Amino acid sequence: IVMKTLVTFYKEDTEGARAEVFENNGVYGVQYYMGYGNTEHFKEELFAGKSRNYAEDAAENWALNIKTLNG
């Protein structure tokens with residue numbers, strides 16, 4: 001099982017906070033990181049049954065401070 005990172009969105013005015021969109025066995029998701037050099041994500045969302053665009057929109061909305069992560 002290989003998880004492939006497809007695209008990365010960065011938050012402006014941060015020290016590299018980012019959201020990485022990935023695909024794993026046909027399921028798209030996003031892993032959220034706090035800054036440059038962080039190799040461990042602090043949250044992961046899976047979007048079973050949703051498109052790549054859906055996952056990319058979620059990641060971009062977080063990077064633009066439109067989407068907040070709870071929990």
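For clarity, every value in this text was computed on a predicted model and none was experimentally measured.

### Considering the environment of asparagine 70
Along the chain, asparagine 70 turns up in the segment after helix H1 (52-63). Residue asparagine 70 is classed as exposed on the basis of its relative accessible area, which comes to 64%. In this structure the C-alpha to C-alpha distance between asparagine 70 and lysine 43, which are 27 residues apart in sequence, comes to 9.5 Å.

### Digging into the pattern of salt bridges
One pass over the structure, following the stated rule, counts 3 salt bridges. Here glutamate 45 makes a salt bridge to lysine 67, at a shortest N to O gap of 3.3 Å. Taken together, the residues glutamate 45 in strand E4 (residues 43-47) and lysine 67 in the segment after H1 connect sequence positions 22 residues apart. Judged by its relative accessible area of 23%, lysine 67 falls in the partly exposed class. The closest approach of N and O atoms between arginine 52 and glutamate 56, which form a salt bridge, is 2.6 Å. Placement of the pair is arginine 52 and glutamate 56 together in helix H1, with a separation of 4 residues, close to one helical turn. Looking at glutamate 56, the relative accessible area reads 17%, which means it is buried.

### A few points about the packing of aromatic side chains
In total, this model carries 4 aromatic pairs according to the counting rule given. Measuring from centroid to centroid gives 5.0 Å for tyrosine 32 and tryptophan 62, while their planes differ by 65°, and the two rings are edge-to-face. A residue pair is termed long-range when its members are at least 10 positions apart, and tyrosine 32 in strand E3 (residues 27-33) and tryptophan 62 in helix H1 qualify at 30 residues. By the burial criterion, tyrosine 32 is buried, and tryptophan 62 matches it. Relative to tyrosine 54, the ring of phenylalanine 47 lies with its centre 5.2 Å away and its plane at 70°, an arrangement referred to as edge-to-face. On the basis of relative accessibility, which here comes to 40%, the residue tyrosine 54 falls in the partly exposed class. Through successive ring pairs, a cluster of aromatic residues spans Tyr32, Phe42 and Trp62. One cation-aromatic arrangement involves lysine 11 over tryptophan 62; the distance from NZ or CZ to the ring centre is 4.4 Å. Positioned above the aromatic ring of tyrosine 54, the side-chain terminus of lysine 50 is 4.9 Å from the ring centre.

Rules used throughout
- Residues numbered from 1 in each chain as written.
- Predicted model: local features only at pLDDT ≥ 70, side-chain atom pairs only at ≥ 80, totals over all residues.
- Heavy atoms only, no water.
- Helix = DSSP H or I, 4+ residues; strand = E, 2+ residues; numbered from the N terminus.
- Buried < 20%, exposed > 50% of the residue type's maximum accessible area, 1.4 Å probe, protein only.
- Salt bridge = Lys/Arg side-chain N within 4 Å of Asp/Glu carboxyl O.
- Phe/Tyr/Trp six-rings, centres within 6.5 Å; stacked < 30°, edge-to-face > 60°.
- Lys NZ or Arg CZ within 6 Å of the ring centre and 35° of its normal.

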